[in-house]
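# Structural features, examined
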Amino acid sequence: MAQTIPLSVPDDLLNEVRETARLTQLSVQDVFRQSVKIAGPVLRQSARPPRPKRLSVWDALASGRGLELAIVPAGGKVKKVSL
């Protein structure tokens, strides 16, 4: 089912689309459709994955994500301690 999407286009871009439509003997609408079909996959491939959001300690606890505690010995030396 086709949907109509209102789109505001800058004058310079619209002039390019009109010129492309004239040269290819396509309608302006067809040029927009083809541009989206061609550029869509390229944009998806170039998009970076979203960065993980850093949460404050309180937000992490409230959201149930909890906290991760990593203990690393200073200087790479491991010392056994009896309790």
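Before any of the text, the structure's been laid out above.
Below: a short report on this structure.

### Considering unusual backbone geometry
Residues other than glycine seldom take positive phi values, yet Q25 does so here, at roughly 60 degrees. Counting through the fold element by element, Q25 comes out in the loop between α1 (11-24) and α2 (28-46).

### A closer look at the layout of surface pockets
Looking at the largest pocket, its volume works out to about 370 Å³. Around the largest pocket sit A2, Q3, T4, I5, P6, L7, V28, Q29, F32, R33 and V36, which together line it.

### A look at the pattern of salt bridges
A complete count under the given rule lists 2 salt bridges for this structure. Across the pair R22 and E19 runs a salt bridge, and its minimum N-O distance is 2.6 Å. Placement of the pair is R22 and E19 together in helix α1, with a separation of 3 residues, close to one helical turn. Here D30 ties to R33 by a salt bridge, and the two come within 2.6 Å at their closest N and O atoms. Note that D30 and R33 are positioned in helix α2 at a spacing of 3 residues, about one turn of the helix.

About the criteria used
Residues numbered from 1 in each chain as written. Predicted model: local features only at pLDDT ≥ 70, side-chain atom pairs only at ≥ 80, totals over all residues. Heavy atoms only, no water. Helix = DSSP H or I, 4+ residues; strand = E, 2+ residues; numbered from the N terminus. 1 Å grid on protein atoms, 1.4 Å probe; cavity = no way out; pocket = protein on both sides within 12 Å on 5 of 7 lines; lining within 4 Å. Points joined across faces, edges and corners; volume = space filled by probe spheres on them. Salt bridge = Lys/Arg side-chain N within 4 Å of Asp/Glu carboxyl O.

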